[in-house]
Amino acid sequence: MDAKCGQLSINLKQLFHEFDPNDPEAQLATVTTRIMQALQSNLDGKSKQYKDLALTQLFLMNNIHYIVRSVRRSEAKDMLGDDWVQIHRRIVQQHANQYKRISWAKILQCLTIQGGDNNSGVSRTMVKDRFKTFNDQIEELHQRQSQWTVPDSELRESLRLAVAEVLLPAYRSFLKRFGPMIENGKNPHKYIVYSPEHLEQMLGEFFESKMWGEQKRLLPFNLSYWALDWEIVIEELCLKHHRPSVDVNLRSWIKYICK
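Residues numbered from 1 in each chain as written. Predicted model: local features only at pLDDT ≥ 70, side-chain atom pairs only at ≥ 80, totals over all residues. Heavy atoms only, no water.

**Considerations on the packing of helix α7 (residues 153-183) against helix α8 (residues 196-203)**
It is the contact of α7 with α8, at a shortest axis distance of 10 Å, that shows an interaxial angle of 160°. With respect to their mutual orientation, α7 and α8 come out roughly antiparallel. Seen along the crossing, α7 lies across α8 with a hand that is right-handed. Where α7 abuts α8, its residues Arg 160, Val 163, Ala 164, Leu 167, Leu 168, Tyr 171, Arg 172 and Leu 175 lie against Pro 196, Leu 199, Glu 200 and Leu 203. Class assignment for the residues of the contact of α7 with α8 results in nine nonpolar, no polar and three charged. (Axes fitted to C-alpha atoms, helices over the stretch in contact; angles between N-to-C directions. Helix = DSSP H or I, 4+ residues; strand = E, 2+ residues; numbered from the N terminus. Parallel < 35°, antiparallel > 145°, perpendicular 65-115°, else oblique. Left-handed = near helix turned anticlockwise from the far one by under 90°. Contact = heavy atoms within 4.5 Å. Nonpolar A, V, L, I, M, F, W, Y, C, P; charged D, E, K, R; others polar.)

**Digging into the nonpolar core**
Within the largest apolar cluster, 56 residues are counted, with the highest numbers of intra-cluster contacts made by Tyr 99, Trp 104, Phe 131, Phe 134, Ile 138 and Tyr 171. Those elements that place two or more of their residues in this core are α2 (24-47), α3 (53-72), α4 (76-80), α5 (82-109), α6 (124-145), α7 and α8. The contact partners of Ile 138, leaving out residues within four places of it in the chain, are Trp 104, Ile 107, Leu 167, Tyr 194, Leu 199 and Met 202. (Core = buried A, V, L, I, M, F, W, Y, C linked by side-chain atoms within 4.5 Å. Buried < 20%, exposed > 50% of the residue type's maximum accessible area, 1.4 Å probe, protein only.)

**Some points on the confidence of the model for the chain**
Per-residue confidence for the chain averages 76 on the pLDDT scale, and 68% of its residues sit at or above 70. The least confident element of the chain is helix α9 (residues 227-241), whose mean pLDDT is 42; the most confident is α8, at 96. Across residues 211-250, where pLDDT falls below 50, the model places 86 contacts with residues more than four positions away in sequence or in other chains. (pLDDT = per-residue confidence, 0-100.)

Written as structure tokens, this is what we have:
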């Protein structure tokens, strides 16, 4: 076992500190709660490997959603409770909101120009510059984030919809208000590159990566490398308390969460 696994094993042993062997149900509930805390702490550490803050939020969103879904489909839900599930579903949504703010706030600023009635005080040069900046930024986002992954189809569609509900109305409004200033000039297609329908189609290609390597880490991370350490601690707990029935139940849950 390497140093990393050894350290993890030590941390896992601490999960079982001061358990009451005479109260198996409480023991199992406590273990489950601490496992969830350990998993989330591990996730927070792994998320720091990303330099792109939007990617950090997507990583946390993906993986916490994966844990919540696993809990909801198992008996762990009874031990953790509905409140735990609801709280962590809100945490998933918070990471989705943070992703949207980090990724899209700057590009939405391109679609805002202060001007008086009939666009007084707004020059054609300024509008051209805004369209050009928007085009460059949406192209860069599409190229990069279409290589990112949101494995859960429902979560993926929800995230796309959340972006579309903000981006498309803002773009339509900007196009309606300032588009005629460009259309009446030379080479309008140089600046008005995208229709709202084209943007909607592009959003439908976000988070669809089939790539391996660097982007694979966005998938729910494989919990199987925890399994060996869980097994070691469970065996020690079994020998210490001579309560195989407790440990069989615990083993069943650990194997489930480590799949």
